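# Structural overview for review
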Amino acid sequence: MNNFITQDEIVNIMQALIRCPSVNPPAQTVECAQLVSNILKKNDIQAEIVEARQGVANVVARLEGKNSGKRLLLNGHLDVVAPGEGWTVDPFGGEVRNDLIYGRGACDMKSGIAVMLSAIIAFKRSKQPFNGQIIFTAVGDEETGSQFGTKYLLEKGIANQVDLAIVTEPTDLAIELGNRGLRWFDISVKGLACHAGRPHLGINAIQYASKMVEAIHGMKFTREDDRFEISQPSISVTMINAGTQVNVIPNRCRIAVDRRMIPGETTDSVLHELNEIISSAIASQPDIDVEIQIRPEGWDPYLISEDEPIVVSLKKGHFEVTGERPIVRTKLACTDASHIFHQAGIPVALYGPGIAGKSHQIDECVPISNLSVATRVLQSVFRDILV
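Cut-offs applied
Per-chain numbering applies: the sequence of each chain, read as written, is numbered from 1 onward. Selection of residues for local features in this predicted model requires a pLDDT of at least 70, selection of side-chain atom pairs for listing and counting requires 80 or more, and totals for whole chains, interfaces and linings are taken over all residues. Water and hydrogen atoms play no part in the side-chain values, which are based on all heavy atoms of the structure. Secondary structure elements are taken from DSSP: a helix is a run of H or I of four residues or more, a strand is a run of E of two residues or more, and numbering for both begins at the N terminus. When DSSP finds two or more bridges between a pair of strands, those strands are recorded as paired. Between two residues, a contact is recorded if the distance between any of their heavy atoms is within 4.5 Å. Every axis corresponds to a line fitted to the C-alpha atoms, with the helix fit spanning only the stretch in contact, and the corresponding angles, defined between N-to-C directions, vary from 0 to 180 degrees. The classification of residues rests on relative accessible area computed with a 1.4 Å probe and restricted to protein chains. Under 20% of the type maximum is buried, over 50% is exposed, and intermediate values are partly exposed. Polar contact is defined as a pair of N or O atoms within 3.5 Å, subject to the rule that within protein one atom must be able to donate a hydrogen and the other to accept it, and that residues adjacent in sequence are counted only when both atoms are side-chain atoms.

## Examining unusual backbone geometry
Among all residues except glycine, the phi angle is most often negative; among peptide bonds, the trans geometry is most common. In this model, N24 is joined to P25 through a cis peptide bond whose omega is 0 degrees. When you line up the elements, P25 lands in the loop between α1 (7-18) and α2 (30-42). In this structure, P26 follows P25 across a cis peptide bond, with omega equal to 15 degrees. Phi is positive for D172, close to 55 degrees, though the residue is something other than glycine. Positionally, D172 belongs in the loop between β7 (164-167) and β8 (175-179). The phi torsion at L173 lies on the positive side, around 70 degrees, for a residue other than glycine. In this structure, L173 sits in the loop between β7 and β8.

Below, the structure written as structure tokens:
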């Protein structure tokens with residue numbers, strides 16, 4: 001590559017990141033954060049490690065322009081899910097086969113971190129005069145809710161006065177304008193235990209919880225947004241736990257619910273909807289006690305216009321590098337872009353080298369060619385917005 005950083009350098013950065021395990025939970029990302037910080041400092045870019053709680057480390061770096069100007073935030077996460085079993089390669093080996101680099105996080109999303117690093121290093125080496133500021137953030141907690149990662153940095157004012165942002169989640173070089181939202185609910189159904197030989201003396205919590213499950217999965221949604229691949233909200237019961245032993249009528253049943261949201265929905269609106277469905281399902285048993293709790297992790301749905309300057313710049317950069325017009329779409333999964341948009345009010349787009357369909361899978365991999373393209377596109381965005 002004739003863009004102040006070689007493809008071999010990008011590959012080496014990517015391999016180093018994969019070879020530094022950062023599984024969440026427990027989100028022990030100090031070693032990986034130190035690696036990123038050292039790479040930046042080696043290239044004369046000052047970086048600091050911000051530890052939100054013990055073991056969860058975030059990296060913040062800034063590249064300052066000559067004069068005031070636009071402030072661009074780059075964001076990605078260091079933490080990865082556990083590799084699981086069935087891999088044909090070492091999940092933390094960073095093995096290269098043909099055009100692919102393998103390893104846990106190759107797509108989601110150490111590839112995004114690698115291109116952020118590569119692009120900001122190349123821009124620094126170019127000695128291109130520019131105005132404004134690039135703020136680089138590599139966070140240590142995203143896979144389990146972002147409390148100690150992006151949300152923490154936003155609360156500390158890292159993104160104050162930022163004008164626009166890019167999150168390098170896996171998009172396979174498409175530009176994504178937003179993502180669906182998510183809330184997790186825990187529903188506890190309390191009945192009355194008794195001997196299973198005399199079931200009429202008790203209240204079977206499983207029996208009534210099953211009515212709730214059926215009602216939840218029978219929900220019909222009228223709200224729709226065709227800009228999303230799945231245009232309607234969705235709801236799924238994903239966990240059930242009940243009973244103490246086989247000959248006892250269970251007095252407690254707990255179910256977990258995954259509720260996906262589209263723009264226009266809020267925590268209050270989906271909670272109200274869930275309460276109504278559950279009340280209707282158990283109306284015949286007034287003695288049953290139901291408690292609904294909302295987990296603290298949550299992502300609000302968001303969507304920006306295709307006319308936003310960050311989107312226009314990404315489209316221009318992608319065409320400049322590839323000669324092709326990029327795909328523009330939305331993301332099904334939830335990302336820290338939600339927090340950047342809602343918590344900080346920043347127009348944020350998603351653009352990254354990873355292939356979303358390979359995220360969290362065995363033999364996760366990313367094309368080296370995608371790493372090179374994404375790095376060059378980010379460099380183009382820097383020049384377009386800051387020069």
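Here the narrative resumes.
## Focus on the sheet that holds strand β18 (residues 365-367)
A sheet is described by the order of its strands in space; here 3 strands give the open sequence β4-β5-β18, paired in antiparallel fashion. Looking at strand neighbours, the two that pair on one side only are β4 (96-97) and β18, the edges of this open sheet. Here helix α9 (residues 368-386) sits on the sheet in contact with β4, β5 (100-102) and β18, set at roughly 60 degrees to β18.

## Things to note about the environment of P326
Along the chain, P326 turns up in the loop between α7 (309-322) and β16 (328-331). As for P326 and I249, which are separated by 77 residues in sequence, their C-alpha atoms are 58 Å apart. Ignoring any residue separated from it by four or fewer positions in sequence, one finds P326 in contact with L173, I175, K315 and H318.

## Section: the side chain of N43
Looking at the secondary structure, you find N43 in the loop between α2 and β1 (47-53). Judged by relative accessible area, which is 16%, N43 ranks as buried. Polar side-chain contacts of N43 include one of 3.2 Å to the side chain of R125. If sequence neighbours within four positions are ignored, N43 has contacts with I121, K124 and R125.

## Some points on the sheet that holds strand β14 (residues 289-299)
On the basis of which strands lie adjacent, the open sheet formed by 4 strands has the order β11-β13-β9-β14 and antiparallel pairing. Looking at the sheet topology across the chains shown, the edges are occupied by β11 (234-242) and β14. Across the sheet, the mean angle separating the axes of adjacent strands is 20 degrees when strand polarity is ignored. Both strand β9 (residues 181-190) and β14 contribute to a ladder of 8 bridges, which runs antiparallel. The partner of L182 across the bridge, within β14, is W299. The strands touched by helix α5 (residues 205-217) within the sheet are β9, β11, β13 (252-261) and β14, with β11 carrying the most contacts at an inclination of about 165 degrees.

## Re the pairing of β13
Within β13, 7 of the 10 residues are buried, leaving the element largely enclosed by the surrounding structure. Here β9 runs beside β13; their pairing, made up of 10 bridges, is antiparallel. Its bridge partner being in β13, K190 is matched across the sheet by R252. Alignment of β11 against β13, held across 8 bridges, turns out to be antiparallel. When the bridges of β13 are listed, M239 appears paired with A256.

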